[in-house]
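Survey of secondary and tertiary structure
Here is what each chain is made of, one letter per residue.
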Amino acid sequence: MSAKIAKHLGRVFLILMLLFFYLPIIYTVVFSFNSSKSLSHFEGFSLQWYDRMIKSHDMLSSVFYTVSIAVCATIISTIVGTITAIGLSKSRKILRTVVKQLDDLPIMNPDIVTAIGLLMFFSAIAVKKGFMTVLLAHVMFCVPYVILSIMPKLRSLDPNLLDAALDLGCTPMQAIVRVIVPQISTGIISGALISFTMSFDDFVISYFVTGNGVNNISIMVYTMAKRINPSINALSTLIIILITAVLILVNIIPVIGDRMMKRRKK
Amino acid sequence: MKRFSVLVYPYLIWALVMIAVPMLMILLYAFTKDGNGVRDFIFTLDNFSKFFSDPVFLEVLKRSLYIAVVTTVICVILGYPAAYLIAKAKPRASATLVLAITLPTWINMLVRTYAWRSILQSNGIINHILSMFGIGPVKMLETSFAVILGMVYNFIPFMILQIYNSLAKMDESYLTAAADLGANKVQAFLKVTLPLSVPGIVSGITLVFLPAVSSFFIPKLLGGGQYVLIGNVIENQFLTAGNWNFGSAISLIMAIIIIISMQVTRYIDNRINPEGGN
């Protein structure tokens, strides 16, 4: 009897937790369709905030900057991270330790510490703050995560694989591209995904190193927060739908893929 | 095979320039006088004494630590049972629950925190429900409550996932063994499950305390302009007041506090779990 009560209590607790997690998200979605400016009373369905969002230059440019920086940072850090990780797997321990220690700094430090360091660095070398500085900063904090997600895959590779490829006449370049990279592709993909989401969601570091009107979505929300602006809800709703769709796809595709493989085997 | 290590050098140079140099600049600025030129640094401890001799800054430091500790404690208290229930659920259900908890964290933190502003305001949904019971309106926005709630909301998923991972790895046969040896369920939990999940709690604490102590947008969005934590002071020194030397010193103080608290948690972990392996 008491076990049954405990089970129900547990279920209620989990439901309350999920409600806590999703309340702000539901709130955002619902009020993005509100016909009035109020954020407390729903007065009727309307798409006016979506209309305003499309017409708002600030919002569109923030979406443009967020996406283009995330795409560029992901491509650069994935390539750099992959090359470095492959090099590290074949290099001396001392080099591995030095790179690991350096990579640990942005991972372990609070974002704000990394951010002010970069701010002072960019000012010292007198680079114009804007797209370039944000991109450089994003590449800086993404590469360590790419390396982290590839290294375990490299460690589990047969160390003779590269020798075999070279003995069979591959150039070092071919050996890497045709033999190593396909073997570590899952690590590369997860590194790229981590980079993309980290860059897409970053606020603190971008906020400190940006300038000249280059604002991403986070910076825009932060600077607009003083005034009520339901267009933010409209934009957030679109992002929520997009991310949910991507996450569901990422989680469903492997399942469907498995089923198809099984069917083919039959 | 060593020739492949050539591939590391470009990144090594990049990391020295982009990671090490900015960190060294923080150290340099923290220990030098305000307004120095490029070549004539005047070393000083003034930035630190300015911080520790001003009751306003000490108050901010105290408040930041208080908020971060309360947030971390709440995250453990609420996160542990949640992680436990998820780990004990059927495999299918626990996979779905893990996804359900991860999903919101993929949505922009600021967007989610911004939504709490509307929920907590005096004519928001919570006060609406309270008024049905004849309570209210309760002022929630721009209080410590709102700031702690925002931090718990943003950081508790990390705690749950860390504890869940350590519980999911646990060998169920330990519990069978404990039952065979005469332990009841409570004893088995206290003597077996809880100690084995301590590494998860410790890494969860790290993942919650660190962002909680340094956060500046949660206090700004939910605490209002008057609510100042140490992150806000650093932001101000860099982006408004323009005193980089003082700002660097404060962030150094914050970094040292974080390192000390990490060491303390690790020490406690080692005392509880001497053969924990971590």
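Our subject in this report is the structure included herewith. All values derive from a computational prediction rather than experimental measurement.

Once that is clear, we can look at the interface of chain A and chain B. Taken together, the contacts link 83 residues of chain A with 75 residues of chain B. Of the roughly 7,100 Å² buried between chain A and chain B, counting both surfaces, carbon and sulfur atoms make up 81%. Joining chain A to chain B, the criterion identifies 0 salt bridges. Here chain A and chain B share 7 residue pairs in polar contact (both at pLDDT 80 or more) between them. Per-element accounting of the side of chain A that touches chain B gives the leading share, 13 residues, to helix α1 (residues 2–32) of chain A. Grouping the amino acids of the side of chain A that touches chain B by side-chain chemistry returns 58 nonpolar, 18 polar and 7 charged.

This brings us to empty space enclosed by the protein. Residues and elements named next belong to chain B. What the rule picks out here adds up to 1 cavity of 30 Å³ or more. Roughly 30 Å³ of internal volume is contained in the largest cavity. For the lining of the largest cavity, the elements supplying multiple residues, two or more each, are α3 (55–88) and α12 (244–272).

The residue Thr78 of chain A is located in helix α3 (residues 57–89) in this model. Thr78 of chain A sits in the buried class, given a relative accessible area of 12%.

For the rest of this paragraph, the subject is the packing of aromatic side chains. Throughout the structure, instances matching the rule amount to 29 aromatic pairs over all chains. Consider the rings of Phe21 of chain A and Tyr153 of chain B, whose centres lie 6.4 Å apart with planes at 55 degrees: the pair is tilted. Here Phe21 of chain A is found in helix α1, whereas its partner Tyr153 of chain B is found in helix α7 (residues 144–169) on a different chain. Here the two residues Phe21 of chain A and Tyr153 of chain B agree in accessibility, since each one is buried. Measuring from centroid to centroid gives 5.8 Å for Phe203 of chain A and Phe216 of chain B, while their planes differ by 35 degrees, and the two rings are tilted. Here Phe216 of chain B lies in the loop between α9 (185–214) and α10 (217–223) and Phe203 of chain A lies in the loop between α9 (185–201) and α10 (204–209), a pairing that spans two chains. Considered together, Phe203 of chain A and Phe216 of chain B belong to a single accessibility category, that of buried residues. Each residue in the set Phe203, Tyr207, Phe208 and Tyr222 of chain A together with Phe216 and Phe217 of chain B is aromatic and connected to the rest through ring pairs, giving one cluster. Sitting above the plane of the Phe246 of chain B ring, Lys50 of chain B keeps its charged end 4.2 Å from the centroid. A cation over an aromatic ring shows up here: Arg63 of chain B above the ring of Tyr227 of chain B, its NZ or CZ 5.4 Å from the ring centre.

A few words on the layout of surface pockets. In this model, the second largest pocket occupies a volume close to 970 Å³. Of all the elements in the fold, those that place two or more residues in the lining of the second largest pocket are α1 of chain A together with α3, α4 (91–105), α8 (173–180) and α9 of chain B. Ranked by residue count, the leading element in the lining of the second largest pocket is α1 of chain A, at 10 residues. Taken together, the residues that form the lining of the second largest pocket break down as 19 nonpolar, 4 polar and 5 charged.

Attention shifts here to the nonpolar core. One finds Leu154, Phe203 and Phe208 of chain A together with Ile160 of chain B to be the most contacted residues of the largest nonpolar core, which totals 149 residues. Ranked by residue count, the leading element in this core is α7 of chain B, at 14 residues. In contact with Phe203 of chain A, other than residues within four places in its own chain, are Ser218, Ile219 and Tyr222 of chain A together with Leu110, Phe216 and Phe217 of chain B. In this structure, Leu175, Ala178, Ala188 and Val192 of chain B belong to the second largest nonpolar core, which totals 5 residues.

All names here are of chain A. Among the surface-exposed residues, Val67, Val71, Ile75, Ile79, Ile83 and Phe196 lie close enough to one another that they form a single nonpolar patch of about 460 Å² accessible area. Among the elements that take part in the nonpolar patch, α3 stands out by supplying 5 residues, more than any other. As for its placement among the helices and strands, Val71 is situated in helix α3. Residue Val71 is classed as partly exposed on the basis of its relative accessible area of 35%.

Conventions used here
Residues numbered from 1 in each chain as written. Chains lettered and ligands numbered in written order. Predicted model: local features only at pLDDT ≥ 70, side-chain atom pairs only at ≥ 80, totals over all residues. Heavy atoms only, no water. Contact = heavy atoms within 4.5 Å. Buried area = accessible area lost by both parts, 1.4 Å probe. Salt bridge = Lys/Arg side-chain N within 4 Å of Asp/Glu carboxyl O. Polar contact = N/O pair within 3.5 Å; in protein donor to acceptor, adjacent residues only side chain to side chain. Helix = DSSP H or I, 4+ residues; strand = E, 2+ residues; numbered from the N terminus. Nonpolar A, V, L, I, M, F, W, Y, C, P; charged D, E, K, R; others polar. 1 Å grid on protein atoms, 1.4 Å probe; cavity = no way out; pocket = protein on both sides within 12 Å on 5 of 7 lines; lining within 4 Å. Points joined across faces, edges and corners; volume = space filled by probe spheres on them. Buried < 20%, exposed > 50% of the residue type's maximum accessible area, 1.4 Å probe, protein only. Phe/Tyr/Trp six-rings, centres within 6.5 Å; stacked < 30°, edge-to-face > 60°. Lys NZ or Arg CZ within 6 Å of the ring centre and 35° of its normal. Core = buried A, V, L, I, M, F, W, Y, C linked by side-chain atoms within 4.5 Å. Patch = residues over 30% accessible without salt bridge, like charges linked within 9 Å, V, L, I, M, F, W, Y side chains within 5 Å. Areas by Shrake-Rupley, 256 points an atom, 1.4 Å probe, with all protein chains shown as cover.

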